[in-house]
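Structural overview for review
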Amino acid sequence: MLLILLGVLILHIIILILLIVSTAASAWSVADGKGTDLWYSCITSNGGYHCKPSSNEDWIQAVQALMILSVLFCFFSLIAFLYQLFRLVKGGRFFFTAIFQILASVFVMCGAIIYTVMSPDDRAHTNFGYAYVLAWVAFPLCLISGLIYIVLRKKE
């Protein structure tokens, strides 16, 4: 039982790191000398690196908000898991933790879908970057983690 709890805790920490990196990293879409993330659009020209804030369009602000919410809900889910680990009665299930974790997965999925549909228009020369991929990797892991918390029972 201890190994299962340790495995779930490590998975949760990995998911939280993935979400933080994908939210903060500057590679949601990349092109030759240009990188765009949720916060800045940067261009490399003549050996210089110039950044300007991302657009104020509603869709990018929605993606920003959803990714921040996913990080927060994943973090609160981790805190709730640690609290329930020591305070939950024997045989109890981690429903509160599971709800927060599943909500985090829904937020990251919605943010990635919105970015996919509304991403910058020059698709011929633009590719999705590693931060975008990390967001999509974090989604199923977060969902699986939430489902594990639903099934998991505390035993003495």
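Residues numbered from 1 in each chain as written. Predicted model: local features only at pLDDT ≥ 70, side-chain atom pairs only at ≥ 80, totals over all residues. Heavy atoms only, no water.

Worth spelling out the cut-off: UniProt positions are given in the numbering used here, feature names are shortened, and annotations may be inferred rather than shown by experiment.
An unreviewed UniProt entry lists the protein chain under the name Peripheral myelin protein 22a, with Amphilophus citrinellus given as the organism. Its UniProt record gives the protein chain the following Sequence similarities (unreviewed entry) comment, quoted word for word: "Belongs to the PMP-22/EMP/MP20 family." Its UniProt record gives the protein chain a comment under Subcellular location (unreviewed entry), which states: "Membrane".

1. Looking at the UniProt feature "transmembrane region" (unreviewed entry) in the protein chain
Selection rule: Strands here are runs of E lasting at least two residues and helices are runs of H or I lasting at least four, both read from the DSSP assignment and numbered beginning at the N terminus.
When the UniProt feature table is mapped to this numbering, "transmembrane region" (unreviewed entry) covers residues 62–83, 95–118 and 130–152. Within the segment residues 62–83, helix and strand shares are 100% and 0% respectively, and the terminal C-alpha atoms sit 31 Å apart. Helix makes up 100% of residues 95–118 and strand 0%, and the two end C-alpha atoms of the span are 34 Å apart.

2. Regarding the sheet that holds strand S5 (residues 127–128)
Rule in force here: Here the rule is simple: two strands pair whenever DSSP picks up at least two bridges between them.
With antiparallel pairing, the five strands of this open sheet are ordered in space as S4-S3-S2-S1-S5. In this open sheet, the two edge strands, each paired with only one partner strand, are strand S4 (48–53) and S5. Pairing analysis gives six bridges linking strand S3 (residues 40–45) to S4, with the strands arranged antiparallel. Across the sheet, residue Ser41 finds its bridge partner in S4, namely Lys52.

3. Remarks on the pairing of S3
Relative to S3, strand S2 (residues 34–36) is paired through three bridges, and the arrangement is antiparallel. Counterpart to Lys34 in the pairing with S3 is Ile43. Taking the residues between adjacent antiparallel strands as the criterion, S2 and S3 are bridged by three residues. Taking the residues that link successive antiparallel strands as the turn, the S3-S4 hairpin has two residues, and the phi of Asn46 there is positive, at about 50 degrees.

4. Brief notes about the UniProt feature "signal peptide" (unreviewed entry) in the protein chain
UniProt's entry tags residues 1–27 with the feature "signal peptide" (unreviewed entry), counted in the numbering of this structure. Secondary structure across residues 1–27 comprises 85% helix and 0% strand; the distance between its end C-alpha atoms is 39 Å.

5. Some points on the nonpolar core
Stated precisely, the cut-off is as follows: By nonpolar core we mean a set of buried residues, namely Ala, Val, Leu, Ile, Met, Phe, Trp, Tyr and Cys, connected to one another through side-chain atoms within 4.5 Å. Note on exposure labels: buried denotes an accessible area under 20% of the residue type's maximum, exposed denotes more than 50%, and partly exposed covers the range between, all computed with a 1.4 Å probe on protein chains only.
By size, the foremost hydrophobic cluster in this structure holds 28 residues, and its most contacted members are Leu19, Trp28, Leu38, Met67 and Tyr115. At the level of secondary structure, the elements contributing two or more residues to this core comprise helix H1 (2–24), helix H2 (58–87), helix H3 (95–118) and helix H4 (130–151). Counting nine residues, the second largest nonpolar core, distinct from the first, contains Leu5, Leu85, Phe94 and Leu152.

6. Description of the state of the cysteines
Stated formally: Our working definition of a disulfide is a cysteine sulfur pair at a distance within 2.5 Å.
What the rule picks out here adds up to one disulfide. Here Cys74 stays unpaired: no disulfide links it, and the sulfur of Cys142, its closest cysteine neighbor, is 4.9 Å away. Owing to a relative accessible area of 1%, Cys142 belongs among the buried residues under this scheme.

7. Quick notes on the packing of H2 against H3
The axes of two packed helices give the description: the angle between them and the distance between them. Let me state the cut-off plainly: Axis definition: a line fitted to C-alpha atoms, over the contacting stretch in the case of helices. Angles run 0 to 180 degrees between N-to-C directions. Should an angle fall under 35 degrees it is called roughly parallel, over 145 degrees roughly antiparallel, and 65 to 115 degrees roughly perpendicular, with every other angle called oblique. What makes a crossing left-handed is the near helix being turned counterclockwise from the far one by less than a right angle; a clockwise turn instead makes it right-handed.
For the pair H2 and H3, the least separation of the axes is 8 Å and the interaxial angle reads 160 degrees. Overall, the two elements H2 and H3 adopt an arrangement that is roughly antiparallel. Read as a crossing pair, H2 and H3 show a hand that is left-handed.

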